[in-house]
Amino acid sequence: MAIVRWLDPFRDLSSIQERMNQIFEDALARSRGRDEGLRTGMWTPAVDIYEKNDSVVVKAELPGVERDQISVEVKDGILTLRGERKFERDVKEESYHRVERSYGTFLRSFSLPVSVDQDQVKATFRDGVLEVELPKKEQAKPRQIQVKID
């Protein structure tokens, strides 16, 4: 039997709420005859967060977002990702048959563990994926301790 790490049961509550809000907004739009309208405003990029021996890594999917439209900030133990995906104006809005992608600004904030060295954070953006590496402080890294047998 595998040991499963217990996680916060409420971590996905906000994304569930956002999905439910979108379902209700879509239903209202259909009832008003605006089924395929352009969605702008706030959207939430998908994020993966995982831990390695020497760092915590945050990966965010940001397809269609330009590098200069992304802001990464670490302040007071909070990592904030902010940016905007702009609607392409090459095609007239009335020419679209369907628009399913969301456009507009996004903002994601995450509390950082105290073990993260906030002065050494690095971010890279490649192929529509933002990767933020948050190195752990030296004293927080796991150490191998030699046990003497008497």
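Basis of the calculations
- Residues numbered from 1 in each chain as written.
- Predicted model: local features only at pLDDT ≥ 70, side-chain atom pairs only at ≥ 80, totals over all residues.
- Heavy atoms only, no water.
- Helix = DSSP H or I, 4+ residues; strand = E, 2+ residues; numbered from the N terminus.
- Buried < 20%, exposed > 50% of the residue type's maximum accessible area, 1.4 Å probe, protein only.
- Areas by Shrake-Rupley, 256 points an atom, 1.4 Å probe, with all protein chains shown as cover.
- Core = buried A, V, L, I, M, F, W, Y, C linked by side-chain atoms within 4.5 Å.
- Contact = heavy atoms within 4.5 Å.
- Pairing = 2+ DSSP bridges.
- Axes fitted to C-alpha atoms, helices over the stretch in contact; angles between N-to-C directions.
- Phe/Tyr/Trp six-rings, centres within 6.5 Å; stacked < 30°, edge-to-face > 60°.
- Lys NZ or Arg CZ within 6 Å of the ring centre and 35° of its normal.
- Salt bridge = Lys/Arg side-chain N within 4 Å of Asp/Glu carboxyl O.

Engineer: Talk me through the overall build of the protein; I want residue IDs and the actual numbers.
Structural biologist: Counting its regular elements, the protein contains one helix and eight strands. In the protein, the succession of α and β elements from N to C terminus is α-β-β-β-β-β-β-β-β. Each of the 150 residues in the protein was classed as buried or not, and the buried ones make up 22%. Surface exposure of the protein reaches about 12000 Å², of which carbon and sulfur atoms provide 48%.

Engineer: How would you sum up the nonpolar core? Please name residues and give values.
Structural biologist: Ranked by internal contacts, the top residues of the largest apolar core, which has 17 residues, are Leu62, Leu79, Leu81, Leu130, Val132 and Leu134. For this core, the secondary structure elements donating two or more residues are strand S3 (55-61), strand S5 (78-85), strand S6 (103-111) and strand S8 (129-135). Residues in contact with Leu62, not counting those within four places in the same chain, are Trp43, Pro45, Ile70, Phe106, Phe125, Gly128 and Leu130.

Engineer: Can you tell me about the sheet that holds S3, naming the residues and giving the values?
Structural biologist: Spatially, the four strands line up as an open sheet ordered S2-S3-S8-S7, and their pairing is antiparallel. If you trace the sheet from one side to the other, it starts and ends with strand S2 (47-51) and strand S7 (122-126), each paired once. For this sheet, the mean angle separating the axes of adjacent strands, direction not counted, is 15°. When S2 meets S3, the two strands line up antiparallel, connected through five bridges. Within the sheet, the bridge partner assigned to Asp48 lies in S3 and is Lys59.

Engineer: Before we move on, could you go through the packing of aromatic side chains and cite the residues and values that matter?
Structural biologist: Per the stated rule, a full pass over the model turns up one aromatic pair. Directly above the ring of Tyr103 sits Arg85, whose terminal nitrogen or CZ lies 5.8 Å from the centroid.

Engineer: Which residues make up the pattern of salt bridges, and what are the values?
Structural biologist: Taken as a whole and assessed by the stated rule, the structure comprises two salt bridges. Between Lys136 and Glu51 there is a salt bridge, with the nearest N and O atoms lying 2.5 Å from each other. Of the two residues, Lys136 sits in the segment after S8 while Glu51 sits in strand S2, which places them 85 residues apart along the sequence. Taking relative accessible area as the criterion, Lys136 reaches 9% and is therefore assigned buried. The closest approach of N and O atoms between Lys59 and Glu131, which form a salt bridge, is 3.7 Å. With Lys59 in strand S3 and Glu131 in strand S8, the pair connects residues that are 72 residues apart, well separated along the chain. We classify Glu131 as partly exposed; its relative accessible area is 23%.

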